[in-house]
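# Structural overview for review
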Amino acid sequence: MTETSFTPRVFSGIQPSGNLHLGNYLGALKRFVDMQEAGGYETVYCMVDLHAITVWQDPADLRRSTRELCAGFIASGIDPEKSILINQSQVPEHAQLAWVFNCVARMGWMGRMTQWKDKTAGKNAEAASLGLFAYPSLMAADILIYHATHVPVGEDQKQHLELTRDIATKFNHDYGVDFFPITEPVIEGAATRVMSLRDGSKKMSKSDPSDASRINMTDDADAIAKKIRKAKTDPEPLPSEAAGLAERPEARNLVNIFAALNGQTVDQVLGDFGGRAFSEFKPALAELAVAHLAPISSEMSRLMDNQDEIDRILTRGAERAREITAPILKKTYEIVGMVGPVEL
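Here is what the cut-offs are and how they apply
- Residues numbered from 1 in each chain as written.
- Predicted model: local features only at pLDDT ≥ 70, side-chain atom pairs only at ≥ 80, totals over all residues.
- Heavy atoms only, no water.
- UniProt positions renumbered as here; feature names shortened; annotations may be inferred.
- 1 Å grid on protein atoms, 1.4 Å probe; cavity = no way out; pocket = protein on both sides within 12 Å on 5 of 7 lines; lining within 4 Å.
- Points joined across faces, edges and corners; volume = space filled by probe spheres on them.
- Nonpolar A, V, L, I, M, F, W, Y, C, P; charged D, E, K, R; others polar.
- Salt bridge = Lys/Arg side-chain N within 4 Å of Asp/Glu carboxyl O.
- Helix = DSSP H or I, 4+ residues; strand = E, 2+ residues; numbered from the N terminus.
- Buried < 20%, exposed > 50% of the residue type's maximum accessible area, 1.4 Å probe, protein only.
- Patch = residues over 30% accessible without salt bridge, like charges linked within 9 Å, V, L, I, M, F, W, Y side chains within 5 Å.
- Areas by Shrake-Rupley, 256 points an atom, 1.4 Å probe, with all protein chains shown as cover.
- Lys, Arg positive; Asp, Glu negative; His and termini not counted.
- Charge placed at Lys NZ, Arg CZ, Asp CG, Glu CD.
- Expected span 1.5 Å × (residues − 1).
- Bend = angle between axes of the 7 residues up to and from the residue.
- Disulfide = S-S within 2.5 Å.
- Contact = heavy atoms within 4.5 Å.
- Phe/Tyr/Trp six-rings, centres within 6.5 Å; stacked < 30°, edge-to-face > 60°.
- Pairing = 2+ DSSP bridges.
- Right-handed = clockwise from strand over helix to strand, strands pointing away.

- The protein is annotated in an unreviewed UniProt entry as Tryptophan--tRNA ligase of Pseudodonghicola flavimaris.
- UniProt annotates the protein under Catalytic activity (unreviewed entry) with the comment "tRNA(Trp) + L-tryptophan + ATP = L-tryptophyl-tRNA(Trp) + AMP + diphosphate + H(+)".
- What the UniProt record of the protein gives under Sequence similarities (unreviewed entry) is the line "Belongs to the class-I aminoacyl-tRNA synthetase family."

## A look at empty space enclosed by the protein
- A full pass over the atoms with the stated rule returns one cavity of 30 Å³ or more.
- Each pocket or cavity is described by its volume, and for the largest cavity that value is around 70 Å³.
- In terms of lining residues, the largest cavity is bounded by Met113, Gln115, Trp116, Lys119, Leu132, Tyr135, Pro136 and His160.
- Classifying every residue of the lining of the largest cavity by side-chain character gives five nonpolar, two polar and one charged.

## Digging into the pattern of salt bridges
- Under the defined criterion, the tally for this structure stands at 17 salt bridges.
- Put simply, Arg9 and Glu42 hold a salt bridge, and the shortest N to O gap is 2.8 Å. A residue pair is termed long-range when its members are at least 10 positions apart, and Arg9 in strand S1 (residues 9–14) and Glu42 in strand S2 (residues 42–47) qualify at 33 residues.
- Under the relative-accessibility criterion, Arg9 is labelled buried at 8%.
- Glu42 sits in the partly exposed class, given a relative accessible area of 37%.
- With its nearest N and O atoms 3.7 Å apart, the salt bridge here joins Arg316 to Glu319. With Arg316 and Glu319 both in helix H13 (residues 307–336) and three residues apart, this pair spans about one turn of that helix.
- On the basis of relative accessible area, Glu319 is assigned to the partly exposed category, the value being 45%.
- Connected via shared salt-bridge partners are Asp211, Arg214, Asp219 and Lys227.

## Things to note about a positive patch on the surface
- Together, Arg198, Lys226, Arg229, Lys230 and Lys232 make up a region of like positive charge exposed at the surface.
- By the secondary structure assignment, Lys232 is in the loop between helix H9 (221–229) and helix H10 (249–262).
- Classification of Lys232 as partly exposed rests on a relative accessible area of 40%.

## Section: helix H1 (residues 22–38)
- Taking 1.5 Å of rise per residue, 17 residues should cover 24 Å, and H1 covers 22 Å from first to last C-alpha, within 8% of that figure.
- Residue Leu29 marks the point of greatest curvature in H1, where the axis turns by about 30°.
- Among the 17 residues of H1, 13 are classified as buried, and the element is accordingly described as predominantly covered.
- In the segment just after H1, Gly39 is the residue with positive phi, at about 75°.

## Focus on the state of the cysteines
- One pass over the structure, following the stated rule, counts zero disulfides.
- Sulfur of Cys46: no disulfide; nearest cysteine sulfur belongs to Cys70 and is 11 Å away.

## Notes on the UniProt feature "binding site: L-tryptophan" (unreviewed entry) in the protein
- Annotation from UniProt places "binding site: L-tryptophan" (unreviewed entry) at Asp142.
- Mapped onto the elements, Asp142 comes out in helix H7 (residues 130–144).
- Look past the residues within four positions of Asp142 in its chain and what remains in contact with it is Phe11, Val48, His51, Gln88 and His94.

## Looking at the packing of aromatic side chains
- Taken as a whole, this structure holds 13 aromatic pairs when the rule is applied.
- Relative to Tyr146, the ring of Phe11 lies with its centre 5.4 Å away and its plane at 15°, an arrangement referred to as stacked. With a gap of 135 residues between them, Phe11 in strand S1 and Tyr146 in the loop between H7 and strand S4 (150–152) connect regions that are remote in the sequence. Accessibility classification places Phe11 together with Tyr146 in one group, the buried group.
- Members of the aromatic cluster, connected to one another through ring pairs, are Phe101, Phe171, Tyr175, Phe179 and Phe180.

## Some thoughts on the pairing of S2
- Within S2, five of the six residues are buried, which leaves the element mostly enclosed by the surrounding structure.
- As defined by bridge partners, S1 adjoins S2 across six bridges and the pair is classed as parallel. For Val10, the partnering residue across the bridge sits in S2 and is Thr43.
- The β-α-β motif built from S1, the intervening H1 and the parallel element S2 has right-handed crossover chirality.
- The sheet contact formed by S2 and strand S3 (residues 84–87) spans four bridges and is parallel. Across the sheet, residue Tyr45 finds its bridge partner in S3, namely Leu85.

## Some details on the environment of Ala291
- Tracing the chain through its elements places Ala291 in helix H12 (residues 278–304).
- A sequence separation of 47 residues divides Ala291 from Met338, and the C-alpha atoms of the two residues are 54 Å apart.

## Thoughts on the environment of Glu162
- The topology assignment puts Glu162 in helix H8 (residues 158–175).
- Counting along the chain gives 21 residues from Glu162 to Thr183, while the straight-line C-alpha distance between them is 8.7 Å.

Given below as structure tokens:
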């Protein structure tokens, strides 16, 4: 069989669950922009609202959060002319391919997913939604409906991408085709996993009851600077090498954040600040964070005051997306044996 050549294409998405924070920016949005600007790929970025409803969402909150996330994408540097920017539910081929993949994937595969185990640990798993259990199959469809060749992911999503590769491999094998690509993960960056400002052992999260634990993308300059000044540290000065951060989670977190914001390695940051106290480092980090994040906050606010603009961008994005997804779904149906597929 001749190996198929796939268009280099990046896909990734974020759930519109509200309260974008620094971890989302450094772990995802900044990387999305970097891949957009690097060239060599078509880039598709998505607000995955179908994933969001695997647990109950207030409808008004979901609509607001979806538009706010779109504003966050754009304010962070995603250009709707350079990238395809979409809301998942506006591109029906995602859900249609997901059903085909539900019939390819095995129950045992789903049951072994770490996130499923984590989210149902100590709870009545039978009360969880079928959508939550099948979440990775929909994620595979999100990726493969674009024949995406690369996906920037955090470590916590790597297992799901491995499942996507398994589904693509099984589909291709079952039907004797080389139709879906074996997508490659892209995991890199100094701060792909940003930790809480109050506890360096925990991931920065919107669900943390302490607002001081995170920098929200809607925080103004004063709030950003205040949270960094009050971030938990230890009494020792910064080390001169990265190895010195091994047992210092709060120090490591702040250095990682500085490195990611400034486009440096951890060792480069420590080359500048090694031996210096946090009383010197924190003001420099606050200044850097404000310079990067305050303009994003301001632009998000402007866009949220012009929601018709957001809706126009998403409508156009869906139209562009379907130019890719409709032919791929049609060919999938033909491979599976669906009779007389309609023109999509």
